[in-house]
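# Breakdown of the fold
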Amino acid sequence: MIKVRHLKKVFRTPQGEDLTVLSDINCDIAKGEVVSIIGPSGTGKSTLLRCLNRLEEPTSGSIEVDGTDILDRSTDISRIRRRMGMVFQNFNLFEHLTVLDNVTLCPMTLLGKSRAEAEHRGMELLEAVGLHDKAGNLPRELSGGQKQRVAIARCLAMEPEIILFDEPTSALDPTMVSEVLAVIRHLASQGMTMCIVSHEMQFVRDVSTRILFLYDGVVYEEGTPEQIFDNPQKPVTKAFINRIRTFEARLENRRFDLYGLFGKIHTFCTKYGVVGQTLDKVQHVTEEMLCGIMPFNGAVTVRAEYSEKTSVLSLTFTEEKPDGPILKTLDEESLSLLMVKGMSRSVTESQEGSVCVEI
Ligand code: ADP
Ligand code: MG
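Summarised in this report is the structure supplied together with it. (Residues numbered from 1 in each chain as written. Chains lettered and ligands numbered in written order. Predicted model: local features only at pLDDT ≥ 70, side-chain atom pairs only at ≥ 80, totals over all residues. Heavy atoms only, no water.)

### Looking at the pairing of strand S2 (residues 18–29)
For clarity, the threshold we go by: A strand pair is defined by DSSP finding two or more bridges across the two strands. Numbering of helices and strands runs from the N terminus; a helix is a DSSP stretch of H or I covering at least four residues, while a strand is a stretch of E covering at least two.
Of the strand pairs in this sheet, strand S1 (residues 2–12) and S2 are connected by 8 bridges, and their pairing is antiparallel. If you follow Val10 over to S2, its bridge partner there is Thr20. Hairpin connection between S1 and S2: a loop of 5 residues separates the two successive antiparallel strands, and Gly16 in this loop has a positive phi of roughly 85 degrees.

Here's what the structure looks like:
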């Protein structure tokens, strides 16, 4: 249904520099598919969606919708847009119109439906999203979750062939996220073709037929929910899926500021909810490593990686000019210091001059 080839989008910054957000996007969306686009903030997910219905003018490449190149000058873009609904983060409802009028306006003006016809369908759609009794209310009288459900009903009223969702729940109170996701799930179960940008990972996993991981201006990795969530292949996808947070510090020599380092590690850990015993262990292991075990023939880098998904924290200590493998040269005593009292799950030599301690 949608075929994107070599799509490129370059923005001109206020400073007059070129910012390439999408460098070479290739993807297809078939009828009945639910394709989710995930990736770190600022990677161009919104830009890609906006290019699909030309709310944003692509710099080059092609986008075909059912065989029609929508970037061609002769294409009637408003006709194409009518077939693609879009639901935005902040609802974009007409604040001065009632809920029902929000839903009926476009079908009357753009599809030429009579008021009676539009209202009849509008009420059906409001019922479908659970807001039948709010038809006469103004948007400001609704909660965020209700507003977004109206926005979805308004979109459906245009009988789109595909709906593009750009972070439909990210402006909502956590308590209202699920009511909106439930509506989208229902649409998916009815076979609606959708392209969804969302940070709700469990939802994305459940609802999608295919997932695109956008990174560095390209579709960096693509696959089924199982492939992307259970068995991501590329390093950035892995880090994103496991929500890996990292901290790194470089210590020039043995006379580094240990307490300054503890302070920074402490800040990193508490930011991600690593507290109590684990935090004590982190401090203990760091001290054992840096004040006893690391040879310090060159500078030493301390890297902490914390997976918010698995709650595993690992510390890696790397010597810049390795004097040979560290672990092998260690005596029983130093090793047992590290493993002492269940301080760590494992201690491994990840590469020459680099010791990784899992806590
Ligand atoms: P995402 O939705 O993945 O968070 P966006 O598509 O919103 O990312 O933005 C990608 C990048 O493009 C960001 O660095 C953003 O600042 C930049 N950008 C988006 N829109 C514009 C614009 N109209 N002019 C200049 N830069 C923009
Ligand atoms: Mg965005």
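Read on, since the account is not over.
### Regarding the sheet that holds strand S14 (residues 346–351)
Defined as follows: Throughout, an axis means a line fitted to C-alpha atoms (over the contacting stretch in the case of helices), and angles, computed between N-to-C directions, take values from 0 to 180 degrees. By definition in these notes, contact holds between two residues if any of their heavy atoms fall within 4.5 Å.
As summarised here, the arrangement of the 5 strands in space is S11-S12-S13-S15-S14, forming an open sheet in which the pairing is antiparallel. Each having just a single partner strand, strand S11 (244–251) and S14 make up the two edges of the open sheet. On average, each strand axis in the sheet is tilted by 20 degrees relative to the strand beside it, whichever way the strands run. Packed on one face of the sheet, helix H10 (residues 258–271) meets S11, strand S12 (300–307) and strand S13 (313–319) and runs near 175 degrees to S11. Of the strands in this sheet, S11, S12, S13 and strand S15 (354–358) touch helix H11 (residues 276–293), which is tilted by about 15 degrees from S13.

### What about the nonpolar core?
In plain terms, the rule: What is meant by a nonpolar core is a set of buried Ala, Val, Leu, Ile, Met, Phe, Trp, Tyr and Cys residues, joined one to another through side-chain atoms within 4.5 Å. Accessibility here uses a 1.4 Å probe with only protein chains present; expressed as a share of the type maximum, an area under 20% marks a residue as buried, one over 50% as exposed, and anything in between as partly exposed.
Among the nonpolar cores identified, the biggest contains 44 residues, and Ile152, Ile163, Phe165 and Met194 are the most heavily contacted of them. If we ignore the near neighbours within four places in the chain, the residues touching Ile152 are Val87, Phe165, Val180, Val183, Ile184 and Leu187. Counting residues in each nonpolar core, the second largest holds 34 residues, with Phe247, Val282, Leu313 and Val347 among its members.

### Regarding the side chain of Glu56
Structurally, the position occupied by Glu56 is in the loop between helix H1 (45–52) and strand S4 (60–65). Judged by its relative accessible area of 17%, Glu56 falls in the buried class. Ignoring anything within four residues of it in the chain, the contact list for Glu56 reads Lys9, Phe11, Thr47, Arg50 and Cys51.

### Observations regarding the sheet that holds strand S5 (residues 68–69)
With antiparallel pairing, 4 strands are arranged side by side in an open sheet as S2-S1-S4-S5. Of all the strands in the sheet, the pair left with one neighbour each is S2 and S5.

### Details of the layout of surface pockets
Selection rule: Using protein atoms alone on a 1 Å grid, points that fit a 1.4 Å probe yet trap it form a cavity, whereas open point sets bounded by protein on both sides within 12 Å along at least five of seven lines form a pocket; residues with an atom within 4 Å of a point count as lining. Grid points are joined across faces, edges and corners, and a volume is the space filled by probe spheres set on the points. As a working rule, the residues Ala, Val, Leu, Ile, Met, Phe, Trp, Tyr, Cys and Pro are called nonpolar, Asp, Glu, Lys and Arg charged, and the rest polar, with Gly in that last group.
In this structure, the largest pocket encloses a volume near 510 Å³. For the largest pocket, the lining is made up of 17 residues, of which Arg81, Met84, Met86, Cys106 and Met158 are closest to its centre. Contributions of two or more residues to the lining of the largest pocket are made by helix H2 (77–83), strand S6 (84–87) and helix H5 (144–157). Looking at the lining of the largest pocket residue by residue, the class counts come to 10 nonpolar, 4 polar and 3 charged. Its volume calculated, the second largest pocket comes out at about 210 Å³. Lining of the second largest pocket is provided by Arg121, Leu125, Ala128, Val129, Leu156, Glu159, Pro160, Val183, His186, Leu187, Gln190 and Met192.

### Things to note about the packing of aromatic side chains
Basically, it comes down to this: Stacked, tilted and edge-to-face pairs are distinguished by plane angle, under 30 degrees for stacked and over 60 for edge-to-face with tilted covering the rest, among Phe, Tyr and Trp rings (Trp via its six-membered ring) whose centres lie within 6.5 Å. Two thresholds decide whether a charge sits over a ring: the Lys NZ or Arg CZ must be within 6 Å of the ring centre and within 35 degrees of the ring normal.
A complete count under the given rule lists 8 aromatic pairs for this structure. Ring centres of Phe247 and Phe268 lie 5.7 Å apart, and the angle between their planes is 35 degrees; this geometry places the pair in the tilted category. Taken as a pair, Phe247 in strand S11 and Phe268 in helix H10 lie far apart in primary sequence, 21 residues in all. On the basis of relative accessibility, which here comes to 12%, the residue Phe247 falls in the buried class. You can call Phe268 buried: its relative accessible area is 7%. Following the ring pairs from residue to residue traces out a cluster consisting of Phe213, Tyr215, Tyr220 and Phe240. Above the plane of the ring of Phe94 lies Arg154, whose end atom (NZ or CZ) is 5.3 Å from the centre. Against the face of Tyr220 rests Lys234, its NZ or CZ located 4.4 Å from the ring centre.

### Points about the side chain of Asn53
Tracing the sequence through the fold places Asn53 in the loop between H1 and S4. Taking relative accessible area as the criterion, Asn53 reaches 3% and is therefore assigned buried. Setting aside anything within four residues of it in sequence, one finds Asn53 in contact with Ile77, Arg81, Met84, Met86 and Leu164.

### Thoughts on empty space enclosed by the protein
All told, the structure shown has 1 cavity of 30 Å³ or more when counted by the stated rule. Considered as a void within the structure, the largest cavity measures approximately 30 Å³ in volume. Phe262, Ile265, His266, Leu279, Val282 and Gln283 are the residues that line the largest cavity. Elements that contribute at least two residues to the lining of the largest cavity include exactly H10 and H11. Of the residues that constitute the lining of the largest cavity, the class distribution is 4 nonpolar, 2 polar and no charged.

### Some details on the site of ligand 1
This is how it is decided: A cutoff of 4 Å decides nearness: a residue is near a molecule or strand if any of its heavy atoms lies inside that distance of it. Polar contact is defined as a pair of N or O atoms within 3.5 Å, subject to the rule that within protein one atom must be able to donate a hydrogen and the other to accept it, and that residues adjacent in sequence are counted only when both atoms are side-chain atoms. Methods summary: accessible areas were calculated by the Shrake-Rupley approach with a probe of 1.4 Å, and residue burial reflects only the protein chains presented.
Around ligand 1, the surrounding shell consists of Phe11, Leu19, Val21, Pro40, Ser41, Gly42, Thr43, Gly44, Lys45, Ser46 and Thr47. In this structure, an oxygen atom belonging to ligand 1 sits 2.7 Å away from a main-chain N or O atom of Gly42. Residue Lys45 places a side-chain N or O atom 2.8 Å away from an oxygen atom belonging to ligand 1. Burial of ligand 1 by the protein chains amounts to 61% of its free accessible area of 560 Å². Here the shell around ligand 1 gets 3 residues from one element, more than from any other, and that element is H1. Along the lines of polarity and charge, the residues of the shell around ligand 1 split into 4 nonpolar, 6 polar and 1 charged.

### As for the state of the cysteines
Applicable threshold: Two cysteine sulfur atoms form a disulfide, by the criterion used here, when they sit within 2.5 Å.
Evaluation of the coordinates by the stated rule reveals 0 disulfides. Free cysteine: Cys269, not disulfide-bonded; nearest cysteine sulfur from Cys356 at 14 Å. This cysteine, Cys291, is not joined by any disulfide, and Cys269 carries the nearest cysteine sulfur, 17 Å off.

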